[in-house]
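Architecture at a glance
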Amino acid sequence: MSTPIDTATAIENSQKSQNGCVYALVEMDVRGSASVKGRDFLNSIEDYRDPRSLNVRVEKNVVKAVKSETGLSPKDHFLGSCILVKGNVCQTKIRVRDTEINGKMIKRGYYFQTQLSLRSTKNIQFCELSTS
């Protein structure tokens, strides 16, 4: 697996997979980021709830390693950059409670988010911005 795929293809492939997961090398522009409970998230779309967003879940050990090496958390280090990231791309069920978001009431329930779990610093690097 040496040729990266784009985020739309990664999402589509995971949705078509029998178990909701595919292993992939993905080229992604990081347009949004956040930190939640010690993990960082790198998002291909600023609104991480958007079904077109691939959300890289940076595991705690990787957050710690990147901070140690660069002085920045991954959410700050990679924001605004193009990355190559490798791992399992999975449809992940996200539970929500009644809450108001951008003036809209979101009811209790769930939605599916496409996540790639980043478990090693060896599986992420900067790439050249694509011209497409």
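Everything below is about the structure printed above this text.
Criteria and cut-off values
- Residues numbered from 1 in each chain as written.
- Predicted model: local features only at pLDDT ≥ 70, side-chain atom pairs only at ≥ 80, totals over all residues.
- Heavy atoms only, no water.
- Helix = DSSP H or I, 4+ residues; strand = E, 2+ residues; numbered from the N terminus.
- Rg over C-alpha atoms; globule rule 2.2 N^0.38 Å.
- Buried < 20%, exposed > 50% of the residue type's maximum accessible area, 1.4 Å probe, protein only.
- Contact = heavy atoms within 4.5 Å.
- Lys, Arg positive; Asp, Glu negative; His and termini not counted.
- Charge placed at Lys NZ, Arg CZ, Asp CG, Glu CD.
- Salt bridge = Lys/Arg side-chain N within 4 Å of Asp/Glu carboxyl O.
- Phe/Tyr/Trp six-rings, centres within 6.5 Å; stacked < 30°, edge-to-face > 60°.
- Pairing = 2+ DSSP bridges.

**Here's the deal with the overall build of the protein**
If you tally the helices and strands in the protein, you get three helices and 10 strands. Overall, the protein shows an N-to-C arrangement of helices and strands of β-α-β-β-β-β-α-α-β-β-β-β-β. Taken against the 2.2 N^0.38 rule, which gives 14 Å for 132 residues, the C-alpha radius of gyration of the protein at 15 Å falls within 12% of a compact globule. With the principal axes as the frame, the protein shows a C-alpha extent of 40 × 35 × 30 Å. The buried share of the protein, reckoned over its 132 residues, is 37%. Within the protein, contacts between residues at least 6 apart in sequence are counted, and of these 56% link residues at least 24 apart. The positive charge centre, built from 20 side chains, and the negative charge centre, built from 14, are 10 Å apart in the protein.

**Notes on the pattern of salt bridges**
If you walk through the whole model with that rule in mind, you get six salt bridges. Between Glu-12 and Lys-16 there is a salt bridge, with its nearest N and O atoms 2.7 Å apart. Taken together, the residues Glu-12 and Lys-16, both in helix H1 (residues 7-16) and four residues apart, mark about one turn of the helix. According to the relative accessible area criterion, Glu-12 is partly exposed, its value standing at 38%. The shortest N-O distance in the salt bridge between Arg-39 and Glu-59 comes to 2.7 Å. Of this pair, Arg-39 sits in strand E4 (residues 39-43) while Glu-59 sits in the loop between strand E5 (54-58) and helix H2 (60-70), and the two are 20 residues apart along the sequence.

**Thoughts on the packing of aromatic side chains**
For any pair of aromatic rings, the description rests on two quantities: the centre-to-centre distance and the angle between the ring planes. Tallying each qualifying case throughout the model produces two aromatic pairs. Their ring planes at 40° and their centres at 5.0 Å tell us that Phe-78 and Phe-126 sit as a pair that is tilted. Residue Phe-78 is located in the loop between helix H3 (74-77) and strand E6 (82-96), and its partner Phe-126 is located in strand E10 (residues 124-126); the two are separated by 48 residues in the primary sequence. Taking the relative accessible area as the measure of exposure, Phe-126 reaches 42% and is therefore partly exposed.

**Describing the pairing of strand E3 (residues 32-36)**
A regular strand places its side chains so that they alternate between the two faces of the sheet. As judged from the five bridges shared by E3 and E4, these two strands associate in the antiparallel manner. Bridged to Ala-34 within E4 is Phe-41. In sequence, E3 turns back onto E4 through a hairpin of two residues, with Lys-37 there showing a positive phi of about 50°.

**Let's talk about the side chain of Thr-114**
Tracing the backbone through its elements, the reader meets Thr-114 in strand E9 (residues 109-118). In this structure Thr-114 touches Ile-11, Ser-14, Ser-53, Leu-54, Asn-55, Val-89, Cys-90 and Gln-91, once residues within four positions along its chain are discounted.

By themselves these figures say nothing about function.
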